[in-house]
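Coordinate inspection notes
As a plain string of letters, each chain reads:
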Amino acid sequence: MLMETDQKSVLASTESEIPVLALNAVTKTFPGVTALSEVSLELFPGKVTALVGENGAGKSTVVKILTGIYQPNGGQIEIDGSPIRFPTAQDAGDAGVTAIHQETVLFDELSVAENVFLGHAPRGRFGLIDTSAMMERAREILESVGAHIDPRTKLKDLGIANKHLVAIARALSIDARVVIMDEPTAALSQKEIEELYDLVEELKGQGKAILFISHKFDEIFRIADSYTVFRDGALVGSGAIADVTEAELVKMMVGRDVSQIFPDRERKTGDEILAVDGYEHPTEFADISFVLRRGEILGFYGLVGAGRSEFMQSLFGITRPSAGDVTIDGERAIIRSPADAVGKGIVYVPEDRGRQGTITALPIFQNVTLPSLGRTSKNGFLKLAEEFQLAREYTERLDLRAASLDTDVGNLSGGNQQKVVIAKWLATHPKIIILDEPTKGIDIGSKAAVHEFMAELAAQGLAVIMVSSEIPEVLGMSDRVIVMREGRIAAELSGDDMTPETLVRHAAGI
Amino acid sequence: MQKQILMSREVLLTGAIVLLLAIISTRFPAFIAPSNLANVFNDTAPLILLAIGQMIVILTRCIDLSVAANLALTGMVVSMINVAMPGLPVPIIIFIAVAFGALLGMVNGVLVWKLEIPPIVVTLGTMTIFRGTIFLLSEGKWINAHEFSETFKAFPRTELLGLPLMSWIAIAAVIFFSVVMSRTTLGRAFYAAGGNPHAATYAGIDVGRTQFWAFTISGALAGLTGYLWVSRFAVAFVDLAGGFELSVVAACVIGGVAIMGGIGTVVGAMLGALFLGIISNALPVVNISPFWQLAISGGAIIIAVALNAQANREKGRIILKRAEHAT
């Protein structure tokens, strides 16, 4: 199957064919910065083009230009070889360009059919919306993408994968010729990703041109026909995917050789620090037992929805388990609230660091000391000098550069906000640190930094629990791996048993 | 950066107040005589007290619509106690007022915390219940000036260093709560819980309990104001301070408190209250009809919200190192 598409794509990319949509030397500047510098991009009908680049390379800017949200300062957009302008998002839609975003932009309280046809619903008499026609057409389109969803269902009742299908159905309903997919698999489980791949094949078959933006090389090689690489707002390479290797792509992306993504570390683990015995929750997980040692990185792998984050939240005291014991350092620990957990030396760095991590309206030092206020206060009164001291110590350790610790976190860049979150947790002197999807959605360069940092924490004797859905990361970082499936531990793997095949097999229950 | 905007917003509001006074003085110079300004401040003291409590509640992403009803109910309760036991010393009356008001606030707080009912619904409900309770207690009758004991009525008017105790209480509350908000763990929790409830939860702050304390403080201040109000005006009845909760919310909004929570200061709430207080005191003396008075207050609210929205607008992501250092 793959072979076939590769051959087809090589045939298709002959000089004669006119791209359905092209960017020709497009430049976009913002006051003080050039986001895109004379980049070109060509999309052909029935072909998938992967757009690759680190965070900040200009991928999102391209999406916004193609969908009429930004106007380029130079160069032009071409449809079928003739220049066109997209002054508004509506114009881009009319020209047949549609985007499916990372987080789908749909309406939870509306029905599936209404979501599919919002803005272009079939009209009946007196210009009123013809509901039955709308339901009928929505059903047809959904079935054409293999989604067996009742169009009357409210969107909020669907899972994330089905929401993506609705977004795709919406794209089809406006007769899109170009479909832009911006990291569509970021929130999907392995099984859902497979279904998405099938769908991409389907769209290709219908002659749509697809622009596929992704961080994940395995999927790029799996479904793309050609690639375009951006670095720092400039085009650094493009061609057929069959003519390039993963290493070459990475090199183009980062502008240097990335030989070993995962840090080599001495895997030497100490005494047992945490033992969980028979943790249970009425609806989310059951029968969770494991031990964790000092200096160890314990990976938690599973499909999305396997109950990993739910269990971690319970271990951290956000939800209460219905049964089970926790022993920390040989003593039974009762954890009823996050404050208890922090007090016992457990910290949890949640997955959604933007939403759950920082308080943007508060200054850096107040964010850093927030979980440590017990130590920097006396009888409820804050000792500001000690707070500053603590914040300075940990922000310096993480090399966080800001004008002043009084700067509000909202004014920091994403990378520095992340450092604030990490500094905040390290300042509590944890024994056990739970990292939930620590590298989700960040670029390769930053990933390596996070991995180094985890290795360093473990080397200092911290016990690390890493929840991750990325197999290379799980295998590259963990000393042991616990695989969860449907709320239970499916396997505990170590040493030579830790292979991609075993992980997937246990996670999927094959 | 945000701090600077906030500071400048308070400076801006002070400037607006000065400008307002300057305009009024051209029509009615006596208005800015120190003794008159002291009177205006004294008149505004109840609004300041309630605005401080409301500010804390709004900070935690809630709203307390029951403050005026709490004030009226507590006012009625202490009035009836005074009628029944005229000899009870004022400090005990004040203690009862604060405790009873706090208790009513706790009712709001528990409903928001434990039952997770939206605050606007909870306080709309308790507002009506409190008013109804006053009717049941008083059987709809007024308690009038001659029924109160002299000491009960004299307290807020008693002068100390040239200012009535009423004013001193407002000043003390501003100072006390400024310290609470900036120098205690509870104050920090109010900002954190409203600024980002998720992050606060992960940091070990119980957001629900923090909101409970916000309502308790708001209730306690409403109770205190309840006594001050009935003793100053020497009257207690069902509709006492009817609709006043809206002025309180307005004072907060004008004072730069973000209605979405997480941003606001005690001084800002006080300035917002003073701004409204000056308008309502000045317009009658310069012969502007009360209808204009409402329109001007409303206009001030909309202008304040527009300015706040402008200042709090998403500034976009800061990606450039340069931009970050510039802040």
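Conventions and cut-offs
- Residues numbered from 1 in each chain as written.
- Chains lettered and ligands numbered in written order.
- Predicted model: local features only at pLDDT ≥ 70, side-chain atom pairs only at ≥ 80, totals over all residues.
- Helix = DSSP H or I, 4+ residues; strand = E, 2+ residues; numbered from the N terminus.
- Buried ≥ 20, exposed ≤ 12 C-beta atoms within 10 Å, placed from the backbone.
- Contact = placed C-beta atoms within 7 Å.
- Rg over C-alpha atoms; globule rule 2.2 N^0.38 Å.
- Pairing = 2+ DSSP bridges.
- Axes fitted to C-alpha atoms, helices over the stretch in contact; angles between N-to-C directions.
- pLDDT = per-residue confidence, 0-100.
- Left-handed = near helix turned anticlockwise from the far one by under 90°.
- Nonpolar A, V, L, I, M, F, W, Y, C, P; charged D, E, K, R; others polar.
- Domains from an automatic or database assignment.
- Core = buried A, V, L, I, M, F, W, Y, C linked by C-beta atoms within 7 Å.
- Arc of directions from axis to C-beta.

Section: the overall build of chain A
Looking only at helices and strands, chain A features 18 helices and 22 strands. Out of the 510 residues in chain A, the part that is buried amounts to 46%. Long-range pairs, those at least 24 residues apart, make up 67% of the contacts in chain A between residues at least 6 apart in sequence.

Re the overall build of chain B
Assigned secondary structure in chain B consists of 14 helices and two strands. In terms of overall dimensions, chain B is globule-like: its C-alpha atoms have a radius of gyration of 20 Å, near the 20 Å expected for 327 residues. The C-alpha extent of chain B, read off along each of the three principal axes, is 70 × 55 × 35 Å. Residues counted as buried form 47% of the 327 residues belonging to chain B. When contacts within chain B are restricted to residue pairs at least 6 apart in sequence, those whose partners lie at least 24 apart make up 78%.

Focus on the pairing of strand S9 (residues 226-231) of chain A
Residues and elements named next belong to chain A. Burial within S9 is extensive, with five of its six residues counted as buried. Bridge count for strand S3 (residues 48-52) against S9 is four bridges, and the pairing is parallel. Its bridge partner being in S9, Val52 is matched across the sheet by Val229. By the bridge criterion, six bridges tie S9 to strand S10 (residues 234-240) in an arrangement that is antiparallel. By the bridge assignment, Arg231 is partnered in S10 with Ala234.

Section: the sheet that holds S9 of chain A
Residues and elements named next belong to chain A. Strands sit in the order S6-S7-S8-S3-S9-S10 across an open sheet of six strands; the sheet is mixed. In this open sheet, the two edge strands, each paired with only one partner strand, are strand S6 (97-100) and S10. On average, each strand axis in the sheet is tilted by 20 degrees relative to the strand beside it, whichever way the strands run. Bridge count between S6 and strand S7 (residues 178-182): four bridges; the pairing is parallel. Its bridge partner lying in S7, Ala99 is registered against Ile180. Contacting S3, S6, S7, strand S8 (209-213) and S9, helix H2 (residues 59-66) runs over the sheet at an angle of about 150 degrees to S7. Of the strands in this sheet, S3, S7 and S8 touch helix H7 (residues 190-205), which is tilted by about 150 degrees from S8.

Focus: the confidence of the model for chain A
Reading predicted coordinates in detail is not appropriate for stretches of low pLDDT. All names here are of chain A. Mean pLDDT over chain A works out to 82, with 89% of the residues at or above the 70 mark. Within chain A, strand S20 (residues 463-467) carries the highest mean pLDDT (92), whereas helix H1 (residues 2-12) carries the lowest (42). Predicted confidence for residues 1-16 stays below pLDDT 50, and this span has 14 contacts to residues more than four positions away or in other chains.

Focus: unusual backbone geometry
One non-glycine residue, Glu437 of chain A, lies in the positive phi region at around 45 degrees. With respect to the element layout, Glu437 of chain A can be found in the loop between strand S19 (432-436) and helix H16 (444-459). Residue classification places Glu437 of chain A among the partly exposed residues on the basis of 19 C-beta atoms within 10 Å. Of note, Leu161 of chain B is a non-glycine position whose phi angle comes to about 50 degrees, a positive value. For Leu161 of chain B, the position within the fold is in the loop between strand S1 (159-160) and strand S2 (163-164).

Let's talk about the packing of helix H4 (residues 90-114) of chain B against helix H5 (residues 119-138) of chain B
Residues and elements named next belong to chain B. For the pair H4 and H5, the least separation of the axes is 9 Å and the interaxial angle reads 145 degrees. In this structure, H4 crosses over H5, and the sense of that crossing is right-handed. Here Leu104, Val107, Asn108, Leu111 and Val112 of H4 lie close against H5, whose contacting residues are Pro119, Val122, Thr123, Thr126 and Phe130. For the contact of H4 with H5, the class distribution of residues is seven nonpolar, three polar and no charged.

With respect to the sheet that holds strand S11 (residues 272-280) of chain A
Residues and elements named next belong to chain A. Overall, antiparallel pairing links the four strands, which are arranged S12-S11-S14-S15 in an open sheet. In this open sheet, the two strands that pair with only one neighbour each are strand S12 (288-293) and strand S15 (331-333). Strand-to-strand twist across the sheet, computed as the mean angle between neighbouring axes with direction ignored, equals 20 degrees. When S11 meets S12, the two strands line up antiparallel, connected through five bridges. In the strand pairing of S12, Glu272 is matched with Arg293.

Quick word on the domain arrangement of chain A
Residue and element names in this part refer to chain A. When cut into domains, chain A gives domain 1 (2-9 + 16-96 + 177-254), domain 2 (109-175), domain 3 (271-345 + 430-510) and domain 4 (359-429). Between the C-alpha centres of domain 1 and domain 2 the distance comes to 26 Å. Split by residue class, the side of domain 1 that touches domain 2 holds six nonpolar, two polar and four charged.

What to know about the packing of helix H3 (residues 67-84) of chain B against H4 of chain B
Residues and elements named next belong to chain B. Packing of H3 against H4 leaves a shortest axis separation of 10 Å and a crossing angle of 145 degrees. When you trace H3 past H4, the crossing you get is right-handed. Contacts between H3 and H4 involve Asn70, Leu73, Thr74, Val77, Val78, Ile81 and Asn82 from the first element and Ile93, Ile96, Ala97, Phe100, Gly101, Leu104 and Gly105 from the second. Its residues placed into classes, the contact of H3 with H4 shows nine nonpolar, five polar and no charged.

A short note on the environment of Met253 of chain A
Position of Met253 of chain A among the secondary structure elements: in helix H9 (residues 246-254). Met253 of chain A sits 105 residues away from His148 of chain A along the chain, and the two C-alpha atoms are 39 Å apart.

So, the nonpolar core
Grouped together as the largest cluster of nonpolar side chains are 172 residues, with contacts concentrated most on Ile434 of chain A together with Ala51 and Ile52 of chain B. Built from parts of two domains, this core gets at least three residues from each of domain 3 (271-345 + 430-510) and domain 4 (359-429) of chain A. Each residue touching Ala51 of chain B, except ones within four places of it in the same chain, is listed here: Val248, Ala251, Cys252, Gly255, Ala269, Met270, Gly272 and Ala273 of chain B. Within the second largest apolar cluster, 69 residues are counted, among which are Val20, Leu155, Val179 and Met181 of chain A.

Let's talk about helix H18 (residues 500-508) of chain A
All names here are of chain A. Within H18, burial applies to Leu503, His506 and Ala507. Take H18 and look down its axis: the buried residues cluster within an arc of 100 degrees, on one side only. Residues of H18 that are buried in the fold lie against strand S13 (297-302), helix H17 (471-477), strand S21 (480-485) and strand S22 (488-494). Gly509 occupies a position one or two residues after H18 and carries a positive phi of about 75 degrees.

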